[in-house]
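# An overview of the molecular structure
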Number of protein chains: 2
Amino acid sequence: MESRCENCIVRQFNSLRAMSKEELKRVSDSKTTRLIKKGEAIFKEGEKLDGVFCVRDGVSKLSKLSENGKDQIVKLASKGEVIGQRSVVAEESVNLSAVAVSDMEVCFIPKEGIVSTLHTNPNFTLEVLRHMAHDLKEADDVIVNMSQKSVKQRMAEAFLYLKNNFGEDEEGYLRLVLSREDISNVVGTAIESCIRIISEFKKKGYLRTSGKRIGIKDEKALKNLVEGF
Amino acid sequence: MESRCENCIVRQFNSLRAMSKEELKRVSDSKTTRLIKKGEAIFKEGEKLDGVFCVRDGVSKLSKLSENGKDQIVKLASKGEVIGQRSVVAEESVNLSAVAVSDMEVCFIPKEGIVSTLHTNPNFTLEVLRHMAHDLKEADDVIVNMSQKSVKQRMAEAFLYLKNNFGEDEEGYLRLVLSREDISNVVGTAIESCIRIISEFKKKGYLRTSGKRIGIKDEKALKNLVEGF
DNA sequence: CGCAAAACCTGATAAATATCATATTTAAAC
DNA sequence: GTTTAAATATGATATTTATCAGGTTTTGCG
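Notes on the structure in this doc start here.

Reading the values: rules and limits
- Numbers given for residues are sequential positions, taken from 1 along each chain in its written order.
- Here chains are named by letter from A upward and ligands by number from 1 upward, in the order in which they appear as written.
- Per-residue local features of the predicted model are confined to residues with pLDDT of at least 70, and side-chain atom pairs are confined, for both listing and counting, to 80 or more; whole-chain, interface and lining totals are unaffected and use all residues.
- The side-chain quantities take in all heavy atoms of the structure and omit both hydrogens and water.
- The near set for a molecule or strand comprises every residue that places at least one heavy atom within 4 Å of it.
- Between N or O atoms, a polar contact is any pair within 3.5 Å; within protein, one atom must be a potential hydrogen donor and the other a potential acceptor, and residues adjacent in sequence are included only when both atoms are from side chains.
- Put simply, DSSP H or I for four residues or longer makes a helix, DSSP E for two residues or longer makes a strand, and each gets a number counted from the N terminus.
- When residues are sorted by character, Ala, Val, Leu, Ile, Met, Phe, Trp, Tyr, Cys and Pro go into the nonpolar class, Asp, Glu, Lys and Arg into the charged class, and all the rest, Gly among them, into the polar class.
- What counts as a salt bridge is simple: a side-chain nitrogen of Lys or Arg found within 4 Å of a carboxyl oxygen of Asp or Glu.
- Three exposure classes are used, based on accessible area relative to the maximum for each residue type with a 1.4 Å probe and protein chains only: buried under 20%, partly exposed in between, and exposed over 50%.
- For helices, the fitted axis covers only the stretch in contact; all axes are lines through C-alpha atoms, and the angles between them, taken along N-to-C directions, range from 0 to 180 degrees.
- Any angle between 65 and 115 degrees counts as roughly perpendicular, while under 35 counts as roughly parallel, over 145 as roughly antiparallel, and the rest as oblique.
- Contact criterion: two residues are considered in contact whenever any of their non-hydrogen atoms come within 4.5 Å of each other.
- The least-squares superposition of copies is restricted to C-alpha atoms, and to residues with a pLDDT of at least 70 in both copies.

### Structural notes on the protein's contact with DNA strand D
Within the structure, DNA strand D sits among 16 residues, and Thr189(A), Ser193(A), Arg196(A), Arg180(B) and Ser199(B) are positioned closest to it. Backbone atoms, meaning sugar and phosphate, form 56% of the atoms of DNA strand D found within 4 Å of the protein. One of the backbone nitrogen or oxygen atoms of Val151(A) is found 2.9 Å away from a phosphate oxygen of DNA strand D. Between DNA strand D and the protein, one listed contact pairs a base nitrogen with a side-chain N or O atom of Arg196(B) at 2.9 Å. Elements with a minimum of two residues in the surface near DNA strand D: helix H7 (191-203) of chain A together with helix H6 (180-187) and helix H7 (191-203) of chain B. Broken down by element, the residue count for the surface near DNA strand D peaks at four residues, all from H7(B). Within the surface near DNA strand D, the residues separate by chemical class into three nonpolar, five polar and eight charged.

Below you can see the structure in the form of structure tokens.
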């Protein structure tokens, strides 16, 4: 297991790549690596974080609890993504909970190294800013989808998203396996509706399933559905 | 009309306050002031911006068109807010359209002054980053509201938001007057549903209206509704 | 293995919301 | 100021989605 950030491949995907050698060394010296089991929380909504988490492997759901007790999944973060950044930058408690949806390996980086670099290295700060700008755009898109698309369309979109972002296994099933409940929390619908639509998509030949696993059979049809045909 | 950024009061509310005297002078020399009439667009989704807009007066809706032809309003920007920032930072075309919902006065700041400061003044970059972190949190909250709250709850929330952010006039009506269509595009619902709920709230004594203008009569009731009672 | 709990699934029904049709009021244009 | 278009309003109806109730299957665990 590679343990120096300098040699860590996931760094290429996130803002740490804009750090200088010295800054990176400091981060590397202060970081600790943690294994997180599927279902375990990395942090919970409302906590104060004293650092960020860099995902080396696995996937985490970032979700927010609503008054009615449902959890809305706002984002799925995987290899290379840094989570908790928003909270550290804004010096606020976290607004989302992070829970592993597969076994994970993450590095915890104490905020001191991050914050001091933010104050001194504009390239790094700008890089973080660009990532956040990207997240904000994605969030805007989600808002529009939520309000303007039907549950069926959002379901179709979710499967396409899962394929594009996490790929398929050897047998052609979506690599990231989510429970029906998690899927319904991504889409923002009731579990029963989610299950019903999966059944419908199966009947229509858009999907196939094997236990929890879901495979896309007719990508075109799903795309058409999203577009409104 | 004050024309130097150095003396401009709205600067206190946005990231420009983190600029040095010299940087600010440069921005001030390159900026141009524009008057925009209610209904006019500042920019449209998909355009490339070569600068940002600092709002000195009035309010702009930031919205995104969905396939079905409806416009989802993602944010209302008013005095002090800088719009187009995300796009300039990420070096992408804008993902939202900005249209004035009241007569506006905005300053256009060419991106060169912004971008060069982003590269050299970490305090400024960090300040922009903090603002974006705040916007991202707000966007997350909107996502959760959209998916977990009923239209009625979102309507109630919208009126409270309008009161908190734009205040009331002498007669106690909401200062920011939006068309029913704009309200429905904030809330993400059909115009008819929006109007119907306004009527219902009037009947129940939560609101009163006078033409387009809406006044909050029973804030507590609206709050209870949002909380789910 | 066998049992309990959790996850998954389906039908029936209720509630929320959108859509269509049409009337009325308000604002804009000439 | 009149005409015309746009915005607001309301009823009737259709559609979508959630909820409730009861199944079955899968999974984890002693």
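### Notes on the pattern of salt bridges
Residues and elements named next belong to chain A. One pass over the full model with this rule turns up 44 salt bridges over all chains. Two residues, Lys61 and Asp182, come together in a salt bridge whose shortest N-O distance is 2.9 Å. Taken as a pair, Lys61 in strand S4 (residues 60-65) and Asp182 in helix H6 (residues 180-187) lie far apart in primary sequence, 121 residues in all. The exposure class assigned to Lys61 is buried, which follows from its relative accessible area of 14%. Overall, the relative accessible area of 11% leaves Asp182 in the buried class.

### Section: the packing of helix H5 (residues 151-166) of chain B against H7(B)
Residues and elements named next belong to chain B. Two elements in contact, H5 and H7, have axes whose closest approach is 10 Å; the angle formed by their N-to-C orientations is 70 degrees. Viewed along their axes, H5 and H7 adopt a mutual orientation that is roughly perpendicular. The segment H5 lies against H7, with Val151, Lys152, Met155, Ala156 and Phe159 engaging Cys194, Ile197, Ile198, Glu200 and Phe201. For the contact of H5 with H7, a count of residues per class yields eight nonpolar, no polar and two charged.

### A look at the relation of the copies chain B and chain A
When chain B is brought onto chain A, the operation consists of a screw motion whose angular component is 180 degrees and whose axial shift is 0.0 Å, with 0.0 Å RMSD remaining. Taken together, the rotation and translation relating the two chain copies correspond to the operation of a two-fold axis. It is Pro122(B) whose C-alpha, among those of chain B, lies nearest the rotation axis, at 2.3 Å. Interface overlap between copies: 100% of the residues of chain B at the interface are likewise at the interface in chain A, consistent with a symmetric, same-surface contact.

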